Amino acid sequence: MVFKNYYKILDLETSHVSVDEIKIAYRQAAKKYHPDLNVGDTLAEEKIKDINEAYRILSVPASKRKYDRIWNSRFGKAQKAFSGKGEKGKMLNMFLGNIEGKETQNVFRKTNLKGENIETEINISIQEAFFGKEKMISLRTMDGKIKNIIIAIPQGIKDGEKIRLLGQGKPSENGGKNGDLLIKINIEDTKPFKLKGNDLYTDLLLTPWEAALGARANVNSMDDETKIYIPQGIQSGEKIKIPGKGYRDGNGNRGDLIAEIKIVVPKQLSQQEKEMFEKLNKISSFNPRS
């Protein structure tokens, strides 16, 4: 089995770190290689597995001590040789700002760590997602004030996708860069459409005689209107697919528009309509319950 350098995986230069420092390093690494920010990146997927494994071992003092015994035998010797003993080592340490190795334990503490990211989410309509839109969101800052930020929602953004605003997160505690603001986009179903993947679903309302005799009907998509043929005898709940008229994502892929049939019966009938339905009731042999 290959021995993994968990400290290197978490970007730590020494084993002399506290649990809090391990936690900070883990959060930074986990955010950097999070699957939502590295979609389709197989290397990132493997990296996040190693990061989780490293944290699981190093965050527990007992398992860290066991691991450190092996780590010191493989990597610790090289560090000791580098930090040096005697006059040559002292001279080298002076050039490196590491007198008697006392600074080694503080390497991680003095790194200008980036501030933490802030994550939030907003709801937008299907129309806003399809055409793109500038939208203002309000966030409460660390000092309790309300900060308004305008974000540009790109055309064809996907449900669950995140928008990253660099430097809009929490400030660093030791002079590093600010964290980022990550905004998760939730696309809400908006009449007359429902979104499933890249397909759009809509209801197509028909009269009983249109359903029985067949008809032509206009169906609205997101950006135009399409005329379709309704076959005779179509039933409520049946679906008609209109290819290439669905949702168009940011990569230019476009799904289908699915029209679901809803047969609507008039609540009020004229005298003539009532007589025709009564006549149909007498002469028709159709019985859906038989």
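Structure: above.
Residues numbered from 1 in each chain as written. Predicted model: local features only at pLDDT ≥ 70, side-chain atom pairs only at ≥ 80, totals over all residues. Heavy atoms only, no water.

Caption draft 1: Representation of the overall build of the protein chain. Looking only at helices and strands, one finds 9 helices and 11 strands in the protein chain. Burial status across the protein chain gives 31% buried among its 290 residues. Long-range pairs, those at least 24 residues apart, make up 55% of the contacts in the protein chain with a sequence separation of at least 6. Surface summary for the protein chain: the accessible area is close to 19500 Å², and the carbon and sulfur share equals 51%. (Helix = DSSP H or I, 4+ residues; strand = E, 2+ residues; numbered from the N terminus. Buried < 20%, exposed > 50% of the residue type's maximum accessible area, 1.4 Å probe, protein only. Contact = heavy atoms within 4.5 Å. Areas by Shrake-Rupley, 256 points an atom, 1.4 Å probe, with all protein chains shown as cover.)

Caption draft 2: Spatial organisation of the pairing of strand E11 (residues 257-263). The pairing of strand E7 (residues 199-206) with E11 spans 7 bridges and is classified as parallel. Each bridged residue has a counterpart across the sheet, and for Leu206 the counterpart in E11 is Ile263. Judged from the 4 bridges that link them, strand E10 (residues 239-242) and E11 form a sheet pairing that is antiparallel. Considered in E11, the bridge of Lys241 is made with Ile258. (Pairing = 2+ DSSP bridges.)

Caption draft 3: Representation of the sheet that holds strand E6 (residues 194-196) within the structure. With mixed pairing, the 4 strands of this open sheet are ordered in space as E6-E7-E11-E10. Looking at strand neighbours, the two that pair on one side only are E6 and E10, the edges of this open sheet. Each strand axis lies, on average, 30 degrees off the axis of its neighbour in the sheet, ignoring direction. (Axes fitted to C-alpha atoms, helices over the stretch in contact; angles between N-to-C directions.)

Caption draft 4: Region of the structure containing the packing of aromatic side chains. One pass over the full model with this rule turns up 7 aromatic pairs. Centre to centre, the rings of Tyr7 and Tyr67 are 5.9 Å apart; their planes meet at 50 degrees, and the pair counts as tilted. Residue Tyr7 is found in helix H1 (residues 6-9), and its partner Tyr67 is found in helix H4 (residues 61-83); the two are separated by 60 residues along the sequence. By relative accessible area, which is 7% here, Tyr67 ends up buried. Aromatic pair Tyr26 and Tyr55: ring centres 4.2 Å apart, planes at 20 degrees, arrangement stacked. (Phe/Tyr/Trp six-rings, centres within 6.5 Å; stacked < 30°, edge-to-face > 60°.)

Caption draft 5: Main features of the sheet that holds strand E4 (residues 162-165). Judged by pairing direction, the sheet is mixed, and its 3 strands sit side by side in the order E1-E5-E4 without closing on themselves. Single-partner strands in this sheet number two, and they are strand E1 (118-125) and E4. Direction aside, neighbouring strands of the sheet carry axes that sit 25 degrees apart on average. Pairing geometry for E4 and strand E5 (residues 181-188), over 4 bridges, is antiparallel. Considered in E5, the bridge of Ile163 is made with Ile183.

Caption draft 6: Examining the environment of Asp180 more closely. Mapped onto the fold, Asp180 is located in the loop between E4 and E5. As for Asp180 and Gly167, which are separated by 13 residues in sequence, their C-alpha atoms are 4.8 Å apart. If we ignore the near neighbours within four places in the chain, the residues touching Asp180 are Lys114, Glu116, Asn117, Ile118, Arg164, Leu165, Leu166, Gly167, Gln168 and Gly169. A distance of 2.6 Å separates a polar atom in the side chain of Asp180 from a polar atom in the side chain of Arg164. (Polar contact = N/O pair within 3.5 Å; in protein donor to acceptor, adjacent residues only side chain to side chain.)

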